[in-house]
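# Analysis of the macromolecular model
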Amino acid sequence: MKNTVYLFAYGLLFGLGLIVAGMSNPAKVLAFLDVAGAWDPSLALVMASALLTLGLARYFMHRNNDAADSEQEPSAIVPAGVDGKLITGAAIFGVGWGLSGFCPGPALLGLSAGVLGNYAFVAAMFAGFWLFRLLHQR
């Protein structure tokens, strides 16, 4: 139960950070990606803050687990290594982010703003989830 509270608190903190940083504004994201033009480096701070938040969450979650809890919880996900699926997925994500200026988290957040682009992006994202599942069912 403690882990759930920690995860909720850190997720809420991260979500508030997205709002304050303007990550749900595609123009700001595209300005960050435009390193040859009018580059806006402020989103680098957002990324660093996200890494710090994740690091703190992991530290406190592991510190507060006793031996009995850790034996009953599923083991950590061990990366399988770099393969074609990982590279393809990362490339699709990067191209989509660069072309649209939307990242999945801020796009979901932006649904509450009523911006048509957010709805189109989220619909395409869920279509991609469905297509992946369809192609990779065994």
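Predicted model only: the values in this text are computed from it and were never measured.

Membership of the largest hydrophobic core is limited to 9 residues, which are L18, A21, M23, V29, F32, L43, V46, W97 and C103. Elements with a contribution of two residues or more to this core: α1 (2-21), α2 (26-33) and α3 (42-64).

With that out of the way, let us pick up the UniProt feature "transmembrane region" (unreviewed entry) in the protein chain. With numbering aligned to this structure, UniProt lists the feature "transmembrane region" (unreviewed entry) at residues 41-61, 82-102 and 108-132. A helix fraction of 81% and a strand fraction of 0% characterise residues 82-102, whose end C-alpha atoms lie 25 Å from each other.

Here we come to α1. Taking 1.5 Å of rise per residue, the 20 residues of α1 would be expected to cover 28 Å, and the 28 Å separating its terminal C-alpha atoms lies within 8% of that figure. For α1, the full list of buried residues reads N3, Y10, L18 and A21. Viewed end-on, α1 has its buried residues packed into an arc of 90°, placing them on one side of the element. Seen from the buried face of α1, the exposed residues on the opposite side, beyond 90 degrees, are K2, T4, F8 and V20. Two residues or fewer past α1, G22 is found with a positive phi of approximately 80°.

A contiguous nonpolar patch, built from F8, L12, L16 and I19 and spanning about 430 Å² of accessible area, is present on the exposed surface. Relative to the helices and strands, L12 resides in helix α1. Among the residues examined, L12 registers a relative accessible area of 47% and is labelled partly exposed.

Basis of the calculations
- Residues numbered from 1 in each chain as written.
- Predicted model: local features only at pLDDT ≥ 70, side-chain atom pairs only at ≥ 80, totals over all residues.
- Heavy atoms only, no water.
- Core = buried A, V, L, I, M, F, W, Y, C linked by side-chain atoms within 4.5 Å.
- Buried < 20%, exposed > 50% of the residue type's maximum accessible area, 1.4 Å probe, protein only.
- Helix = DSSP H or I, 4+ residues; strand = E, 2+ residues; numbered from the N terminus.
- UniProt positions renumbered as here; feature names shortened; annotations may be inferred.
- Expected span 1.5 Å × (residues − 1).
- Arc of directions from axis to C-beta.
- Patch = residues over 30% accessible without salt bridge, like charges linked within 9 Å, V, L, I, M, F, W, Y side chains within 5 Å.
- Areas by Shrake-Rupley, 256 points an atom, 1.4 Å probe, with all protein chains shown as cover.
- Salt bridge = Lys/Arg side-chain N within 4 Å of Asp/Glu carboxyl O.

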